[in-house]
Amino acid sequence: MNLSLYLLTVLIWGTTWIALKLQLGEVAIPVSIVYRFALAGLILFAFLLLTRRLQPMNRRGHLVCLAQGLCLFCVNFMCFLTASQWVATGLIAVVFSTATLWNAINARLFFGQRIAANVLAGGALGLLGLGLLFWPELSHHTASRETLYGLGLGLLGTLCFSAGNMLSSVQQKAGLKPMTTNAWGMLYGASMLAVYCLARGIPFDMEWNARYIGSLLYLVIPGSVIAFTAYLTLVGRMGPERAAYCTVLFPLVALNVSAFAEGYEWTAPALLGLVAVMAGNVLVFRKPSQRTQSALARS
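What counts and what doesn't
- Counting restarts for each chain: residues are numbered from 1 in the order of the written sequence.
- Two thresholds apply to this predicted model, a pLDDT of at least 70 for residue-level local features and 80 or more for giving and counting side-chain atom pairs, whereas whole-chain, interface and lining totals are computed over all residues.
- Note: side-chain values were computed over all heavy atoms of the structure, leaving out hydrogens and water.
- UniProt positions are given in the numbering used here, feature names are shortened, and annotations may be inferred rather than shown by experiment.
- Note on conventions: DSSP H or I runs of at least 4 residues are helices, E runs of at least 2 residues are strands, and numbering of each starts at the N terminus.
- Remark: exposure states derive from per-residue accessible area (1.4 Å probe, protein chains only) relative to the maximum for the residue type, with buried under 20%, exposed over 50%, and partly exposed in between.
- Between two residues, a contact is recorded if the distance between any of their heavy atoms is within 4.5 Å.
- Computed by Shrake-Rupley with a 1.4 Å probe, the accessible areas treat only the displayed protein chains as cover when residues are assessed.
- The positive count covers Lys and Arg only, the negative count covers Asp and Glu only, and His and the chain ends enter neither.
- For the purpose of locating charges, the reference atoms are NZ of Lys, CZ of Arg, CG of Asp and CD of Glu.
- Salt bridges are defined as contacts in which a side-chain nitrogen from Lys or Arg sits within 4 Å of a carboxyl oxygen from Asp or Glu.
- Cavity: a set of points on a 1 Å grid over the protein atoms alone where a 1.4 Å probe fits but cannot get out. Pocket: an open set with protein on both sides within 12 Å along at least five of seven lines, its lining residues, like those of a cavity, having an atom within 4 Å of a point.
- Grid points are joined across faces, edges and corners, and a volume is the space filled by probe spheres set on the points.
- Within this analysis, patches are made of residues with over 30% relative accessible area and no salt bridge. Like charges are joined at 9 Å or less; nonpolar side chains (Val, Leu, Ile, Met, Phe, Trp, Tyr) at 5 Å or less.
- The quantity called bend is, for any residue, the angle between two axes fitted respectively to the seven residues ending at it and the seven beginning at it.
- N or O atoms closer than or at 3.5 Å make up a polar contact, with two conditions inside protein: a donor-capable atom paired with an acceptor-capable one, and, for residues adjacent in sequence, both atoms drawn from side chains.

As annotated in an unreviewed UniProt entry, the protein is DMT family transporter from Pseudomonas maumuensis. The Subcellular location (unreviewed entry) comment attached to the protein in UniProt states, word for word, "Membrane".

The structure is reproduced here in structure tokens:
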């Protein structure tokens, strides 16, 4: 089951970056996010009600879902879609793979788990890899400030994603399943973003063409209903650190899609950077030896 969920998440999220790019157009970025998660939440609610699987939640559960909706289904997607205007989507996917590092840090903050030396070393290696991956673009890009801004937004979005992981883990420890918390979280996130759009006077436009509707449906059903349920189920079954290891393979899928669809060209520094990011993430989540575990238990 874990392997199936793992592969499903990698294949879907490794290909959603192009669909996110196709969303850019006449419809404002926050409005597209509202459409995506409002529809996904309604689909989840319909399924849960029809199958009688909707779990009751107390006030605390709803408050955590509210925070999860803000982090996981609102702010982080605003960051990713805004960044994709200046940075190739495949490179944003590589930035997203640093979720392993953020999960290690947030596991320390949320649950008091120790950050081992291999986590720090792997994080440093991953950040070095990101620098190498962005170097060709930085060295030839005339608007380097926008490139750096896109990188910063991608990192901020990844941090929000990781915080949502921790909140989902808290909910699952309380006995709430991801489908129920995702249904509420998606509607909460979409509602907060809709209020923001109304307050800013952003129009709720719609592009009635195959490009926009097709990409929206892909993001709603495989990208949200299926992939978020699969991934957050892994968070509960394996823990947030081990589950985040699947993000290591997102760049491999996404960059190849980007090379085909956007003309992204592999360079020697980019290849070396990709290897460094993936090796760093593997190092971060390498299972400690029995000797190391015993030493940590004594300390």
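Per the secondary structure count, the protein includes 14 helices and 0 strands. N-terminal to C-terminal, the α/β element order of the protein is α-α-α-α-α-α-α-α-α-α-α-α-α-α. Overall size of the protein, expressed as C-alpha extent along the three principal axes, is 55 × 50 × 35 Å. Classification of the 299 residues of the protein by burial places 51% in the buried group. In the protein, of all internal contacts separated by at least 6 residues, the share reaching a separation of at least 24 is 89%. Total accessible area on the protein is roughly 13800 Å²; 67% of this is exposed by carbon and sulfur atoms. Considering the protein, the positive charge centre built from 19 side chains and the negative charge centre built from 8 side chains are found 26 Å apart.

Taken as a whole and assessed by the stated rule, the structure comprises 1 salt bridge. Close ionic contact of Glu207 with Arg211 constitutes a salt bridge, the shortest N to O distance being 2.3 Å. With relative accessibility at 6%, the residue Glu207 sits in the buried group.

Tallied over the entire structure, the rule returns 4 cavities of 30 Å³ or more. For the largest cavity, the full set of lining residues is Trp13, Thr16, Trp17, Leu20, Arg36, Asn76, Phe77, Phe80, Phe96, Phe161 and Phe228. Secondary structure elements with two or more residues in the lining of the largest cavity: α2 (16–22) and α4 (59–83).

Taken together, Leu8, Ile43, Ile221 and Ile226 make up a surface patch of nonpolar side chains, about 290 Å² in accessible area. Within the secondary structure, Ile43 sits in helix α3 (residues 29–50).

Three- or four-residue spacings in an α-helix give side chains the same orientation, since the helix completes a turn every 3.6 residues. Maximal helix bending in helix α10 (residues 210–238) amounts to about 35 degrees, located at Ala227. Sitting at the amino-terminal end of α10 is Asn209, which places a side-chain oxygen 3.3 Å from the backbone nitrogen of Arg211.

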